[in-house]
Each structure stands twice: as structure tokens, then as C-alpha cells.
Amino acid sequence: MVNTVLAPVQKRGQANLEKLGLPTRRQEAWRLTDLKRLKAMASLPHVAGADQSSWPSVDQGVTRLVIGTDSDPLEGIQLPEGVSPLSEAELEQALGHTLDRCGCAEVWPVELNHAHSRRVLALRVRGSVAPLEIVLAAGDGLIATRVLLLLEEKAELDLLQVIPAERDNAAAPLAHSHVIEVHLGQEARLRHGLLASASGDTSLLAHLAVEQEPRSSYDFVSVCRGWRFGRLEPQVLQVDGQATTRLNGLAMTGGDEQFATHTGVCFQGPEGSLDQLQKAVAADRSHSIFNGAIQVPRAAQRTDASQLSRNLLLSSQARVDAKPELEIVADDVRCAHGATVSQLQQDQLFYLRSRGVAADEAAALLLKGYCCDVVDRLPSVAPSWLASSAVKDPARPL
Amino acid sequence: MIRPDAELLLDISDLHASVEDQPILKGVNLQVRAGEVHAVMGRNGSGKSTLSKILAGHPSYRVTGGSVRYRGDDLFALEPEERARLGVFLGFQYPVEIPGVSNLEFLRVATNARRDTQGQEELDTFEFEDHVREKLKVVQMDPAFLERSVNQGFSGGEKKRNEILQMALLEPVISILDETDSGLDIDALRIVAGGVNQLSSPDTASILITHYQRLLDEITPDYVHVMAAGRILRTGGRELAVELEQIGYDWVDEQLATEGVA
Amino acid sequence: MTSTSTRDLVSQPYKYGFVTEIETDKIAKGLSEDVVRLISGKKDEPDFLLQFRLKAFRHWLTLEEPDWAALGYPPIDYQDIIYYAAPKQQDKKASLDEVDPKLLETFDKLGIPLSEQKRLSNVAVDAVFDSVSIATTYKEKLAEHGVVFCSFSEAVKEHPALIERYLGTVVASNDNYFAALNSAVFSDGSFVFIPKGVECPMELSTYFRINSGDTGQFERTLIVAEEGASVSYLEGCTAPMFDTNQLHAAVVELVALDDASIKYSTVQNWYAGDENGVGGIYNFVTKRGQCRGARSRISWTQVETGSAITWKYPSCVLQGADSVGEFYSVALTNNRQQADTGTKMVHVGPRTRSTIVSKGISAGHSSNSYRGLVQIGPGASGARNYSQCDSMLIGDQAGANTYPYIRSQQPDSAVEHEASTCRISEDQLFYLQSRGIGFEEAVSMMVSGFCRDVFNQLPMEFAAEADKLLALKLEGSVG
């Protein structure tokens, strides 16, 4: 069923990829990217995922869907009441709509995903439903997965996406390309968490496109760590303002990792609000990049937007590049942004040490406090994953 | 209480120190024995605060001469956390806020580090909660403060009580309280002073760094030292504090002038 | 809004828009190696300078014009520009009385009287007409202190060693497209040299007046403050109204040695083009200060209200330990102006500090972008930066964009950046009016309040002028 809808998308994707070619340094959005790693990722063999052995068992009351394997994610699954798959006709109509509206249908990572995705997990949510977990399976090679979520008016959902990619260094390279489109109907509420914890030779391209109708609420928390090469691009469009968007992110890098978070929020109507907090921790020789764009065109009067980018450098060889970007035309607005780059505070460290806490433990305590601020905001379905993965203890060597 | 044969806890000898290449301490000499309470008074800039930071091992302050022995050991050979674990406690004048780090967890980690050094068993989370609730009574603090981040959103008085709470938990041998009374109203002052008195014993000692007489009304000092220009200029008994309250510090300038120091 | 809409109060006609009729020596349009040699020849320059120009020109030929600024402008035809135009008068006059009266009159009309009786008493002025320096006041008094303040061309003749030592050491010819162009064809500008330990006794100022249409203006300014020296310098400029665009590609280099400080202020009032965006100056400037010595300080203060297209990023390279860089800016855009401006603070040495305060005011259909870079290199331990970028939007057709880049490789450093937007609200205006303050004055008060942090940095004489200038430029834009 899915193949008839996807086939033309795949073809176009492949054609466009060829036309576009790899991104180059001259393109602002890719200026700092390690293009060699990007290329390496794109040339990995295309595989299907497996390996569910180390995953924690599903929490009571939560439905787990696994994508990226050869099998149909919905096979043998009892979807909670209010959640149903889209029909082929509906899928055809909806697929790509949000990407278009957000203006990212033809960016390179999305076309890469178009070219390789063999399935789309497409769900409609009606009313207030039980929590969902979508787990993206891992494998030795490139896995491309795609999700489409339509929340009808007044629907409510807690969704946690997990990309468990921790493997030992000797394992073959693992890469994941993911695209998720979300449409929130009026007054719909989505609490969305993304927990992407990796280690070893791993790459991630994750693109989110979210369309919010008026009076909807979108709360996104992402926690990413350990990816040797990663790029996370949440793009949110408030189609007519009057909606609430909260974006919280934590990106942790160590070793020689490079992780970039590119966010974009556009208000196409008045009275929308944005509260964004992006935190990064960069250790060893890693490179953390943040680019946060906010657009407030003329029609977006009385927008209330604020963005804070906090960056922690743990070593003198780590590097942080932060670029908040505001483009404002409407004048009756409140738009503020701030950014800080620093190391762990000396006087806080000293205070802890003066109470007998050893230097490295003091640093670990402070680091944990810094990270937990965001980690604690993940949707409530996260605890079992946090207990098992390295994210729980961010002070562990990155 | 002064007992000439009590253990010599702290022996500061000709101590010189600087911060940001600016010399502040210019030859401090001080001996503190177990059971004693010493008050160090003086104007701003006399070096009182620097003395306390140097004893605690603050990284911004550098020792440029002299020595300090703590119970016979070279204090400067120890890292700040080692000094704390061995029983040196500094009550800060401006306790720093640490958002994101829970007060309860911080206190538990610190307490266990000290217990471990003393050969006592560490307390687990539940045991510690009971333990700390007992200690809260010493400073009359609400248990709700345990849930918050360290010092975050605490008023001045609450921060100072948090310091004394830590004293109660860590059971230090020598406490150096840096202007613990500053910014406190009389009730908060009484609670803080009460806590310090409750925690003192013949085996411990305190150094109270203060501007004002009123703390010394609540905690009776055995010795009062006046610091100026980085040295201890004069030492006396508790009557000296009363005298200072009456005549102020102008005489200090005169004495410094005769000694040929700026 | 109200019937006495501020929009009606508009467009005080640009009162500097006149042209002075004077004989001018011009060369034919176009740019080639011959033109470069011709320019150098006309100025009778020593060989090192000719080589400097030629090297820059050859490099320029290999470069492509950059197009990344958020600006839209029709392509510049570099062959359709005159690269040398000088008022035909002989060598710089010993006394101002010998200067062509028409020139003196021009500067008079501009409010920069040059004659002995009328000159500003505590500001030394170097008057530059079409890129040629006409006169410099107070030269003797300054010479008593060892201060050299003269036109660049004069400096080449009288202090060639200094020029050779410092020219191009802060902005290399191959730094960027417009710097290369400027290095090849620069006409004149100002040269300032403050010797060791000297605090310059008066403000120094250069006043640029563009007179000819079709000419490109390529000033070159070099200011050197030796150990312990300090100077405050002000740059002002105006131009007549033409309906073609003119190119202004200047280079300013500042060098501060140990314990020296240089304050460079600009109050820019170029012609901005008419309401439809026709005409106006293209202002592409490379301004860079190098805090070469320990504990040195360089401050850039600017009030930008003119020019059709502004593209400038005064920057500081903080090399010396404990050096300080500052940037204070008010950029006003109205009608269809476009501004893409900001600053670069590059921290190289330890314990360096930088402060950025940028205030953008966008009105009409204009577009005002702040683009900044704060870079903390690996050697900059203990470095500190604080940036504040505020935008005031007037009306809902103008845009304010902010792109502050932060790049850090040194954990023992702290970078803090804040930004906010605001507007002049009806409520606030009404409140002031209800206390008896006139409409125009109310607008002016609010804008001044918004810009207070920056105006406080300007030399006294010019702070008042900046206030008035802003008020003038904004008339008619609220409502």
C-alpha cells in the first residue's frame, strides 16, 4: 500500500539529490558542517534495522511502534483508542504538505530521506490518547525512516521518539536519516520528546516540520548525545499565529564529534508565542553548532518570542558556534534573544569543593544540574529509557 | 575558652598573600587552639576576607610567603576539598547560587565525604533525609529549602542559615565565618549565633570575621584581633571589641603611620 | 493614526543636496592598471606606494564581488565610475585665505566653517572635498605636541616611513573585495600619528564632502597611537543629491600600541536616495582597529542615518593582553534604505574584553540588519564579551534583522549576548503629550532615550547634533 504513494516521492528525491549535489561551504546553512562526514554518511549502504535486545521493556499504558526494520510497524500492534493509520488516499494528500508549508521540501537532508525511505508511518490522532513511543531501529549502515502525524482539533498526545544508537567503537558505521511531519489542528496539544543517544561511528540527520493551527500547543524537547556527526532541524510554522511553541534542546558532544541544531520558527499570524531554550555542552575536541532562526513578518503583530542559547565549553579544544537569527517586521512585538558561552563557574565549583566535594565530582554535579534542566522536561514516558541509556548521567565521559 | 595546653589547631605564621597580583596579606600571625573563639575585626580592605579565602583555598588567591599548619600539617599542601574533609569550614560572606543542583543532594554528598574521612559509614538517601531534618532544627529552617537548588532564590538570611546548616552536618574542627552577620536582622542573627554556639565544643574552634560588635554579644570571643593593611595590628580580649565600638578605627591610621606603613 | 500623522511631517528636504560649481580635474571613466598608475602619478607618490596599489589591483581582478549581505542592489558597473576627481587648485594652501572661496563657502554651508574667525575652537578639522584634502586647521598647535594630523597625501610626502610601516597592516589589501579596490585606487583621506605618551589636546575631525557625480570615493584613513598615547577622532560626511548612485568604498585602519587608546566616532549623513529609493550613496567601508599593544583600547561609535546602502563592520582585533574593544552604534533606516551593519570583535590575546551596544531604528519600508561576530580564539583565556542589540520598529513595514554570530574556542571566557525589540507605542506618545510635550518632541525624546547608551559615547559637540539629526530623519515616520 505504502509503496504506490512513496514510489514517485522516491524517484523525485533521487533525481533532486543528483541535481542538488552535496551541500557546499558557500551555503550559509552548511558553512560550518563537516562535509566529509556528511558525504560518508550518504554513501553508506542502505539497510534495515534490527537489534531490539538492549531496549527496555515498554512501560505500562504506552504503545511502542518500531520503525526502520523490514516489517510493518503496525503489524500485530493494538493502537490506542483515537489513533488510526491514514488510508492511502489520505496519505497521498497529506504527505509532504507540511514540508512544503515550512519551506523545507527540497533541502538536502529531506531529499536524501525521500530517496531512501521505504515506508511512512502515518497516523491520525483524535481526542486525548494514551502515550506513544516510536523507536527508530539501528543497523550497520544507513536507515531512512519517515513519520507523518496528524492531530485533529483538540487532540492530545504525548510522544517520545527514541533513537538508541549506542554501540562500541569497533562496530560498523551507523547512520540514520529521519523526517517527521506533524500537523496540529486547532487547540491540539502535542508533547514531543526526542531522545537520541549514540556512541561510536554514528551519524544522524533528523528533520522535523511542524505546522500549528491557531490555539494549538507544541512542546518539543530534544536530548542528543554521542553522535559523531549530527544535524537536527526542527522547523515550526504557526500558520496564523495564536499558537504556543516551546522548544527545548540539549546537545552534548565529546571526542571529535560535531553536532548542529538548526531551528526555525515562523509566525504567519498574530499573537503567537515562542519560548526556546537551547543548551549545549562541548567537551574534548568536539564542535557544537546552533543556529536559531525566528521570523516575525508584518502579519505577526503581538508575537511574544524569546530564545536563550546557553553553551558550556569543557575544554580548550572544544568549539561552539552559536548564531541566533531574528528577522522582524511587525513592530508591536516582544522578541528577545540571548546567548551565553562560558565554562563551569569557578565560584560554584569552589563552593562545592569547600564543602568537601572533590573537584571532578563537583564538576559532575554542576554539569548534571545544567543538563537535567532540559532532560527533566522529556515527556513522562522517558524514565525507562533514561534509566538504561547514557543520557541519565551526562557527566559520564562524553 | 582558653586552655594553654589545648591542641594547636591552626598556626598561621608570617602569611603573605595576593589576589590578581595585588598584595593583600602582609605578614599575618595567628594561633588558634581547640575550644577558642577568635574574632577578627577591621575595616573593608584590611584583608579579613582574603585571609578566610586563603585558608579555604580559593583559586583566585595566591600565597606569596609564610605558612599555615592545620593540626601540624601543611594546610597549603591540601586541595580545597581535602581541607573541608579534614574539618576546615569556611562560611562565605556571599554564598553563591547554584541553579540546577539540588540542595538536598549537595548536602548529602558533602556530608558523606566528611563522614568517610572520619571513618563513619555513609548515609543513604533515606537515612540522610532523617539526619538532615534533625539538623534543620539547629538553624530553624523549613524542610522545603531542601528541595530547592543550592541557595537559589534564598534571602540573605536564608543563605547564611544554609551555611550554618552545613556546619551542623559537616561538624568541622575549625570554622571560619566570614561576615556571617552582615545583612541579617536581629532575629536571624540570633538564630545564626545560636547555631554556632550549639555546634561549638572544647575540641573545636571558630574564627569570626566581623565588622560589628553585635555578633560578639551573642558569641563570646576569647580573643579579638584588629586587622589593618594586611596584618594583625592589635590583639586583646573581648573588651577590645567593646572599645572599638566606642572609639572606631581611626587610631588604626595613626598606628600604621607611626609604623611607616601606608 | 491621528490626523496630524507624523508621516505628513516628513522629509525635511535634505538640505545638503546642493552642488558646488568648481573646476575639477577628472580622468576618464574606467579602471585598469593604467588608471592606477595615472592616479599614483598625479599624486606624485613614492615607488613603494605605487607597488602597493598595483599589487592590490592585481589581486582585486581575481576576486568576485561578495553577495551574501541581506541587501538587494543592482550590480555596480566598475567601469562606469570615475576614479579620480580633484578640485583644480594648486598645492594645499599654506593659509586658508588662499583657498578657493567657493570651497570655503561650501564648507560654511555645511556648518563646518574653516576660516580663522569662525572655526570650531576645540576641534581640528581636515576638510576633504571630493577625496582631496583642502585644508587642515590647527596644524601648528598640534605640531607643538608632536601630533601629526594631515591629509594622507601629505603624510606620504612628509612621513613616508610611517606610512610604509603601518599602511595595510591592519586591513591587508587582500582582506576583501572592497578593501582591494580601495587599496588600488584610494585618493586621499586622513593620517593621524600620536607619539609616545601624548594625549592629543583636541578632538580631530575629518569632514568628507562628495561633490562630483559619477565619481567613486575611496578614502584611506590611518591612525596610529604609540605607547601611552590617546586621541579622539570624528568623521563626518555629506553629499549632494544625484539620481544615480555613487560608490563609497573606504578603508580605515587604527593601530593602538601598549596603553594607547583611540576613539573613532562617525556621524554619517549621506544622501539616502529619495522616497522611492532612487539615487543615494552605496557605502561599503572596511574599518578595523588593531589593539596591538597590551592594555590598549579602541572604541568605535557611530550614528548612521544616511546612505542608500550601508555595508560596514567596524571591527577590533584584540591582540594585546588586557586590551579592550568597544562598539556603540545607532543605525537608522527610513524609506527604502537598507543597512547591513555590525561589528566583529576578534579576541586573540588573554583577558581581552569587548562591549557591543547596537541600536537599530527601522522606519518606512526600510530594512535594518545587525550582523555581528564575536570570536574567542584559543589564546584568549579570561576573555569577556557583552553584547546588546536592540531594535526599535516604527510602523509595520520596516524590518529589523539580527544575526549575532558567536564562535568560541576558549572555555575560560564568557560571552553574553542579549537582544530585544520595541516600538514607539501610541500609549507612550499620548502620555508624553498629555504632559504638554509636543508630538515631534515626544518622538524625539523616546528615540533619544532608546539611543542614550550610544549617544553618551559621542564627543560632546556631536552628541547634540546626533540627537537633532535623528529627530530630523524620523519626522513623519511614526503614525
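Our subject is the structure listed above.
Now for a quick tour of the structure. In this text, all values refer to a predicted model and were calculated from it rather than measured experimentally.

On to the overall build of chain A, then. The helix and strand tally for chain A stands at eight helices and 18 strands. Against the compact-globule benchmark of 21 Å for 398 residues, chain A has a radius of gyration of 20 Å, which places it among compact chains. With the C-alpha coordinates aligned to their principal axes, the bounding extent of chain A is approximately 65 × 55 × 50 Å. Expressed as a percentage of its 398 residues, the buried residues of chain A come to 62%. Counting only contacts in chain A whose residues sit at least 6 apart along the sequence, the fraction spanning at least 24 positions is 86%. Only carbon and sulfur atoms are counted for the fraction: they give 46% of the accessible area of chain A, which is about 14600 Å². Separation of charge centres in chain A, based on 39 positive and 48 negative side chains, amounts to 5 Å.

Applying the stated criterion across every chain, the model contains 13 aromatic pairs over all chains. Ring centres of A:W30 and A:W108 lie 6.5 Å apart, and the angle between their planes is 80°; this geometry places the pair in the edge-to-face category. Of the two residues, A:W30 is situated in the loop between α1 (2–20) and α2 (35–42) and A:W108 in helix α5 (residues 108–116); the sequence distance between them amounts to 78 residues. Clustering of aromatic rings is evident, with ring pairs tying together A:F350, A:Y351, B:F92 and B:F106. The lysine or arginine in question, A:R355, covers the ring of A:Y351, its NZ or CZ lying 5.0 Å from the ring centre. The lysine or arginine in question, B:R234, covers the ring of B:W251, its NZ or CZ lying 5.2 Å from the ring centre.

On to the interface of chain A and chain B, then. The partner chain B presents 30 residues to the 18 residues of chain A that form the contact. It is A:F350, A:Y351 and A:R355 in chain A that bury the most area against chain B; as a group they hold 40% of the surface buried on that side. The interface formed by chain A and chain B contains four salt bridges. Here B:E163 and A:R355 are joined by a salt bridge, their closest N and O atoms 2.8 Å apart. Across the contact surface, chain A and chain B share eleven residue pairs in polar contact (both at pLDDT 80 or more). Elements represented by at least two residues in the side of chain A that touches chain B include exactly α6 (346–353) and α7 (359–375) of chain A. Each residue belonging to the side of chain A that touches chain B can be placed in one class, and the counts come to eight nonpolar, five polar and five charged.

Per the counting criterion, the structure on display carries ten cavities of 30 Å³ or more. Of the pockets and cavities examined, the largest cavity occupies roughly 140 Å³. The wall of the largest cavity is formed by 16 residues, among which A:R31, A:L32, A:I289, A:N291 and A:K323 lie closest to the centre. Elements represented by at least two residues in the lining of the largest cavity include exactly β15 (287–296) and β17 (319–328) of chain A together with β22 (399–408) of chain C. Its residues assigned to classes, the lining of the largest cavity shows eight nonpolar, three polar and five charged. Taken as a whole, the second largest cavity holds about 110 Å³ of empty space. Taken together, 16 residues form the lining of the second largest cavity, with C:S358, C:G360, C:N368, C:Y370 and C:S391 sitting closest to its centre. With four residues, strand β19 (residues 353–362) of chain C is the largest single contributor of residues to the lining of the second largest cavity.

Quick look at the sheet that holds strand β4 (residues 61–70) of chain B now. Overall, antiparallel pairing links the four strands, which are arranged β2-β1-β4-β5 (chain B) in an open sheet. In this open sheet, the two edge strands, each paired with only one partner strand, are β2 (22–33) and β5 (73–74) of chain B.

Residues and elements named next belong to chain B. Strand order in this open sheet of six strands is β6-β9-β10-β3-β11-β12, and the pairing throughout is mixed. If you trace the sheet from one side to the other, it starts and ends with β6 (88–91) and β12 (231–236), each paired once. Strand-to-strand twist of the sheet, defined as the mean angle between neighbouring strand axes without regard to direction, takes the value 20°. Pairing geometry for strand β3 (residues 37–41) and strand β11 (residues 223–228), over four bridges, is parallel. From the neighbouring strand, A39 faces β11, where its bridge partner is V224. In the packing of helix α10 (residues 250–259) onto the sheet, the strands contacted are β11 and β12, and the crossing angle to β12 comes to about 120°.

The partner chain C presents 31 residues to the 34 residues of chain A that form the contact. Looking at the side of chain A facing chain C, the largest losses of area belong to A:D331, A:H337 and A:V341, adding up to 21% of the total buried there. Put simply, chain A and chain C have one salt bridge between them. Where C:R407 meets A:D321, a salt bridge forms, and the shortest distance between an N and an O atom there is 2.8 Å.

Reading the values: rules and limits
Residues numbered from 1 in each chain as written. Chains lettered and ligands numbered in written order. Predicted model: local features only at pLDDT ≥ 70, side-chain atom pairs only at ≥ 80, totals over all residues. Heavy atoms only, no water. Helix = DSSP H or I, 4+ residues; strand = E, 2+ residues; numbered from the N terminus. Rg over C-alpha atoms; globule rule 2.2 N^0.38 Å. Buried < 20%, exposed > 50% of the residue type's maximum accessible area, 1.4 Å probe, protein only. Contact = heavy atoms within 4.5 Å. Areas by Shrake-Rupley, 256 points an atom, 1.4 Å probe, with all protein chains shown as cover. Lys, Arg positive; Asp, Glu negative; His and termini not counted. Charge placed at Lys NZ, Arg CZ, Asp CG, Glu CD. Phe/Tyr/Trp six-rings, centres within 6.5 Å; stacked < 30°, edge-to-face > 60°. Lys NZ or Arg CZ within 6 Å of the ring centre and 35° of its normal. Buried area = accessible area lost by both parts, 1.4 Å probe. Salt bridge = Lys/Arg side-chain N within 4 Å of Asp/Glu carboxyl O. Polar contact = N/O pair within 3.5 Å; in protein donor to acceptor, adjacent residues only side chain to side chain. Nonpolar A, V, L, I, M, F, W, Y, C, P; charged D, E, K, R; others polar. 1 Å grid on protein atoms, 1.4 Å probe; cavity = no way out; pocket = protein on both sides within 12 Å on 5 of 7 lines; lining within 4 Å. Points joined across faces, edges and corners; volume = space filled by probe spheres on them. Pairing = 2+ DSSP bridges. Axes fitted to C-alpha atoms, helices over the stretch in contact; angles between N-to-C directions.

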